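Now for the letters of each chain:
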Amino acid sequence: MILEIDNVELYFKVKRILNGVYLKTETGKITGILGSNGCGKSCLLKIIFGSLKPKYKFVRIDSKPILKPLYQTKLVAYLPQHHFVPNSMRIKTAFKLFKVSWNNFIADFESFSIFKNVSFNKLSGGERRLIETYIILKSDKKIILLDEPFSHLAPLHIEKVKALISKEKQHKIIIITDHMYRHIIDTSDNIYLIKGGHTKLINDLTELEDYKYLSSGTIN
Ligand SMILES: Nc1ncnc2c1ncn2[C@@H]1O[C@H](COP(=O)(O)OP(=O)(O)OP(=O)(O)O)[C@@H](O)[C@H]1O
């Protein structure tokens with residue numbers, strides 16, 4: 001499956017956030033989106049998901065235009081930047097709802113076995129983020145959108161999530177954004193930088209310095 005998005009124009013009142021966006025990705029690839037605070041990374045993910053309606057956008061799957069919001073096609077799962085599972089929901093209910101195996105989860109994250117019957121508001125921010133990221137990543141959707149999956153996670157959990165992302169990509173399209181740029185660089189097959197409302201495909205990592213996303217000398 002090939003997913004393309006272009007001709008995106010997003011305004012909030014008269015403030016132009018995105019224009020001249022082009023992004024292309026396919027099954028088996030992880031696409032990283034980088035950019036400074038407020039450049040439009042989260043908005044772009046919401047536009048792809050379909051929950052934010054810009055002035056213009058053009059989404060194609062395998063060259064066919066998709067006119068309805070992508071979330072209505074059942075092809076996509078989206079991890080927003082903020083908690084999305086209701087506080088009162090029990091962990092086991094969320095796994096059931098997303099049709100994700102609790103036993104497989106515990107095999108990877110043994111220390112979480114105590115949480116099966118606990119509700120989400122009893123978890124720490126990092127524990128909650130890990131579970132939310134896991135159920136989105138392992139859901140049976142072909143397109144996975146991850147907004148800041150590494151924030152609040154401990155280093156060992158970040159490494160496990162990176163390994164899971166790399167495993168899941170074999171049969172999924174994964175688009176990911178995070179300020180932990182080294183993890184994005186490690187994990188991604190393609191990287192786009194959003195700058196001045198445009199996406200720029202990064203061919204050489206030193207371009208991240210040239211475009212002033214990173215200070216010079218960071219890459220080498
Ligand atoms: N609902 C809204 N109303 C008005 N402006 C908004 C709204 N949502 C986002 N914006 C503005 O759009 C711009 C892009 O926001 P977005 O959340 O996509 O940034 P981001 O690149 O994800 O930033 P960060 O890395 O800080 O999370 C910001 O300037 C933000 O203030």
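Each value, and the rule that gives it
- Residues numbered from 1 in each chain as written.
- Predicted model: local features only at pLDDT ≥ 70, side-chain atom pairs only at ≥ 80, totals over all residues.
- Heavy atoms only, no water.
- Near = heavy atom within 4 Å.
- Polar contact = N/O pair within 3.5 Å; in protein donor to acceptor, adjacent residues only side chain to side chain.
- Helix = DSSP H or I, 4+ residues; strand = E, 2+ residues; numbered from the N terminus.
- Nonpolar A, V, L, I, M, F, W, Y, C, P; charged D, E, K, R; others polar.
- Pairing = 2+ DSSP bridges.
- Salt bridge = Lys/Arg side-chain N within 4 Å of Asp/Glu carboxyl O.
- Buried < 20%, exposed > 50% of the residue type's maximum accessible area, 1.4 Å probe, protein only.

- Named according to an unreviewed UniProt entry, the chain is ABC transporter ATP-binding protein originating from Wocania arenilitoris.

### Regarding the site of the ligand
- Around the ligand, the structure places 14 residues, and the nearest of them are Asn37, Gly38, Lys41, Cys43 and His179.
- In this structure, Gln81 approaches the ligand through a side-chain N or O atom, which is 3.0 Å from an oxygen atom.
- Of all the elements in the fold, those that place two or more residues in the shell around the ligand are strand E2 (15-26) and helix H1 (41-49).
- Among the elements that line the shell around the ligand, the one with the most residues is H1, at three residues.
- A class-by-class count of the residues in the shell around the ligand yields four nonpolar, seven polar and three charged.

### Some details on the pairing of strand E10 (residues 198-201)
- Looking at chain direction, strand E9 (residues 190-195) and E10 are connected through four bridges and run antiparallel. Paired with Leu193 across the two strands is Lys200, which belongs to E10.
- Hairpin connection of E9 to E10: two residues between the antiparallel strands, including Gly196 at a positive phi of 60 degrees.

### Some thoughts on unusual backbone geometry
- One non-glycine residue with positive phi stands out, namely Asn7, at about 55 degrees.
- Checked against the element boundaries, Asn7 lands in strand E1 (residues 2-12).
- One non-glycine residue, Lys74, adopts positive backbone phi at about 65 degrees.
- Structurally, the position occupied by Lys74 is in the loop between strand E5 (64-65) and strand E6 (76-79).

### Looking at the pattern of salt bridges
- With the rule as written, the count across this model stands at nine salt bridges.
- In this structure, Glu168 engages Lys138 in a salt bridge whose closest nitrogen and oxygen atoms are separated by 3.3 Å. On the criterion of sequence distance, the pair formed by Glu168 in helix H5 (residues 155-168) and Lys138 in the loop between helix H4 (125-137) and strand E7 (143-147) is long-range, its members being 30 residues apart.
- What makes Glu168 buried here is its relative accessible area of 6%.
- A relative accessible area of 22% places Lys138 in the partly exposed class.
- Residues participating in the shared-partner salt-bridge network are Glu4, Asp6 and Arg60.

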